[in-house]
Amino acid sequence: QVQLVESGGGLVQAGGSLRLSCAASERTFSSYSMGWFRQAPGKDREFVARIGVRSGITDYADSVKGRFTISRDNANNTVYLQMNKLKPEDTAVYYCTVNIFGRTTRRAQDYDYWGQGTQVTVSS
């Protein structure tokens, strides 16, 4: 079982930045595809970004494209989400997730393990 631990959430003003981190427990991390999803109160969990086994393969939701950047550090079993120009509508609990077969997808049901989530709140 893969354990994922997110950190880096918090309260920030609109226009500010945060960097989320997600540390994985497995040494085979480099063979996993990773994703970030978010869930706002009363809404479904939605795709934010994903990164393939090779860091050059990334994909973003239209709502965050150009503002968020996903990256990975295989040496430290960590995936990051750099969030710039934050907006109040980015407020949500952000979840890190992994596909242990190395597939990249935008569908939550295609991922195998999830972190506990970290709260991001953007004030106007």
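Check the entry above for the structure.
What you are looking at is a predicted structure, and each value in this text was computed from that prediction instead of being measured.

1. With respect to the side chain of S21
Move 1: Within the secondary structure, S21 sits in strand β3 (residues 18-24).
Move 2: In this structure, S21 is in contact with V5, E6, S7, W36, T78, V79 and Y80, ignoring residues within four places of it in sequence.

2. Here's the deal with the pattern of salt bridges
Move 1: This structure, assessed with the given rule, holds seven salt bridges.
Move 2: The salt bridge involving R106 is made with D59; its shortest N-O contact spans 2.6 Å. Linking R106 in the loop between β9 (92-99) and β10 (113-114) with D59 in strand β6 (residues 58-60), this pair joins segments that are 47 residues apart in sequence.
Move 3: Of the charged contacts in the structure, one is a salt bridge between R107 and D110, with a shortest N-O distance of 2.9 Å.
Move 4: Taking relative accessible area as the criterion, R107 reaches 46% and is therefore assigned partly exposed.

3. As for the sheet that holds strand β7 (residues 68-73)
Move 1: One open sheet holds the four strands; their spatial order is β1-β3-β8-β7, and the pairing between them is antiparallel. Of all strands in the sheet, those with a lone pairing partner are β1 (4-7) and β7, marking the two edges. Shown here is a sheet whose adjacent strand axes are inclined to one another by a mean of 15°, direction ignored.
Move 2: Sheet topology note: the β1/β3 ladder contains four bridges and is antiparallel. Bridge pairing in β3 links L4 to A24.

The rules behind the values
Residues numbered from 1 in each chain as written. Predicted model: local features only at pLDDT ≥ 70, side-chain atom pairs only at ≥ 80, totals over all residues. Heavy atoms only, no water. Helix = DSSP H or I, 4+ residues; strand = E, 2+ residues; numbered from the N terminus. Contact = heavy atoms within 4.5 Å. Salt bridge = Lys/Arg side-chain N within 4 Å of Asp/Glu carboxyl O. Buried < 20%, exposed > 50% of the residue type's maximum accessible area, 1.4 Å probe, protein only. Pairing = 2+ DSSP bridges. Axes fitted to C-alpha atoms, helices over the stretch in contact; angles between N-to-C directions.

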